[in-house]
Amino acid sequence: MAASRDRRPGFSRRAQYSLFLSYILAVAGATVGLVLLVLSQFNPPAFAALRSAATEVTAPVSSGASAVIRAVASVPQTISTYFRVHDENAALRAEVARTHDTLVQARIIVRDNRRLRGLLKLRDVTPKVVTAARIVSSSATSTRRFGVLNAGRWQGVRPGMPVRGPDGLIGRVVETGPNTARVLLASDPESVIPVRRIGDGMPALAAGRGDGLIDIRSVGTTNAHLEPGDRFVTSGVGGLYAPGVLVGRVLKRGADNAPAVPFAHPDTLDFVLVSEPFLPPPPAAEPQEVPATPTPQQGSQP
Amino acid sequence: MTSALQPFGPTLPRSRARALPWATVMAGSLVSIIPVGATLPLMPPFGLLMLLAWRLLAPLALRRWAPAVLGLFDDCLSGQPLGSATLLWTLCFFLVDLFDQRTIFRAFAQDWLIAAVAITFCLVAGRLLATPLGAHVETVLIAQIAVSILLFPLASRAVAWVDRRRIAE
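As the structure is a computational prediction, the values presented were derived from the model and not from experiment.

**Considering the environment of Arg164(B)**
For Arg164(B), the location among the structural elements is in helix H6 (residues 138–165). Along the sequence, Arg164(B) and Leu48(B) sit 116 residues apart, while their C-alpha atoms lie 20 Å from each other.

Structure (structure tokens):
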């Protein structure tokens, strides 16, 4: 089929003008898009209201669909559990017998630890859990990694609160609506989390890569050697993430920098906990009295 | 059943015939609300696929300013910075206009090629706008582009199926 070269819709002036007007409107739309883009580059949380209005509408749908999928997914699991129950029982009994000694030892250590901490008058800061909710959907088409949480301001969720799953850290809240919140996942390219290595406490930063992994970057003064299997937990530096939450396990050997697999995967089938920031945010600095223009000193001329 | 089978049957009212393309593109954007905690950005942008299919199969179905509004809707849902789809989808329409002027022969293969160019442009530009250059998303992005291009015939099928219902406008 040959394309027609003439783009005029006919001899009608009205049709020609309306086509011309539609092109002008399209250019205007592109310009508006450009302006919005520049504004959101300089101030990413701008237009959060628009986005949260959209998620307010879509999150209930996602929640409902997620509930249906959970119900369907639980059927084969229940059946397989029913058939595996005998073997599982035997395996669990064996494991209980095997770990009994370790458990007793661990109880003694915990009691000792509590006593020694009492002697040292250490004050533990336990972050208060705000709410338990689900990640109901995620930005599956975008290179950014966001999740939508089905709890918001009415449940006490505020921007900046850390989010953790049953296996480890998931991310932090960046925008909140009345009933939904947007979570920046730990694997997002713009997420950075202060961590330390289990074992020697070596400080590092866990920065998202965007491909589901996180980069562990050493911040120590000496050369750090990262080995496969090194596990990293949050260090509590900065006061946002409570210390001791699992973040990632190193995949490949590296000096100062190595990719790691996050422990927690945002899964719509499981609950996540939103907690308050580990330390309260510092009070806003008092604006100092500064004269608008420095007063020229009289008689400074020699 | 369809109006194509009943050429003299009752046609869709004008307003509904106008609204159908909009509704299908918005439905494409809404695919991103499915309850999946995606670790990788592999899902194709269905809104863009539907938009391109409409533009290439039925060029007059959507006004030239429609991609800006539909793009804004997509931005609210997709997690990209607001304004990226608004800008890129409109530029895609201009791109297809350019191809319309220059191509002499057009069949579905050419349409698919044009759609492939537009999809690649949108996804690469969207990645450059949304994520810092150092992020390791290129491999996944290439996979996403490939999946999107391969799914375009399916989107065209869907659009053709809907378009048959609003044919007598």
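**Examining the interface of chain B and chain A**
With 49 residues of chain B at the interface, the matching set in chain A holds 49 residues. Those elements that place two or more of their residues in the side of chain B that touches chain A are helix H3 (66–78), helix H4 (84–102), helix H5 (108–130) and H6 of chain B. Of the residues forming the side of chain B that touches chain A, the biggest block, seven residues, is contributed by H4(B). Considering only residue class, the side of chain B that touches chain A consists of 29 nonpolar, 15 polar and five charged.

**Comments concerning the UniProt feature "transmembrane region" (unreviewed entry) in chain B**
All names here are of chain B. UniProt records the feature "transmembrane region" (unreviewed entry) for residues 20–38, 82–100, 112–130 and 142–162 in the present numbering. With 58% helix and 0% strand, the stretch residues 20–38 has end C-alpha atoms that lie 30 Å from each other. Secondary structure within residues 142–162 divides into 100% helix and 0% strand; the distance between the first and last C-alpha atoms comes to 30 Å.

**Observations concerning the environment of Gln110(B)**
If you trace the backbone, Gln110(B) turns up in helix H5. Considering only alpha carbons, one finds Gln110(B) and Phe99(B), eleven residues apart in sequence, at a separation of 9.7 Å.

**Here's the deal with the sheet that holds strand S7 (residues 203–208) of chain A**
Residues and elements named next belong to chain A. With respect to topology, six strands assemble into a closed barrel ordered S6-S7-S8-S13-S11-S10, the strand pairing being antiparallel. Shown here is a sheet whose adjacent strand axes are inclined to one another by a mean of 40°, direction ignored. With three bridges joining them, strand S6 (residues 192–197) and strand S10 (residues 231–234) adopt antiparallel strand pairing. Along S10, the bridge assignment pairs Val-195 with Thr-234.

**Digging into the pairing of strand S8 (residues 214–218) of chain A**
Residues and elements named next belong to chain A. Burial runs high along S8: four of the five residues are buried. Taken together, the five bridges between S7 and S8 define a ladder with antiparallel strand orientation. Across the sheet, residue Ala-204 finds its bridge partner in S8, namely Ser-218. Counting the residues between successive antiparallel strands, the hairpin from S7 to S8 contains five residues, one of them, Gly-210, with a positive phi of roughly 100°. Sheet topology note: the S8/strand S13 (residues 257–262) ladder contains four bridges and is antiparallel. Bridging from a neighbouring strand, Asp-215 pairs with Pro-259 of S13.

Rules used in this analysis
- Residues numbered from 1 in each chain as written.
- Chains lettered and ligands numbered in written order.
- Predicted model: local features only at pLDDT ≥ 70, side-chain atom pairs only at ≥ 80, totals over all residues.
- Helix = DSSP H or I, 4+ residues; strand = E, 2+ residues; numbered from the N terminus.
- Contact = placed C-beta atoms within 7 Å.
- Nonpolar A, V, L, I, M, F, W, Y, C, P; charged D, E, K, R; others polar.
- UniProt positions renumbered as here; feature names shortened; annotations may be inferred.
- Pairing = 2+ DSSP bridges.
- Axes fitted to C-alpha atoms, helices over the stretch in contact; angles between N-to-C directions.
- Buried ≥ 20, exposed ≤ 12 C-beta atoms within 10 Å, placed from the backbone.

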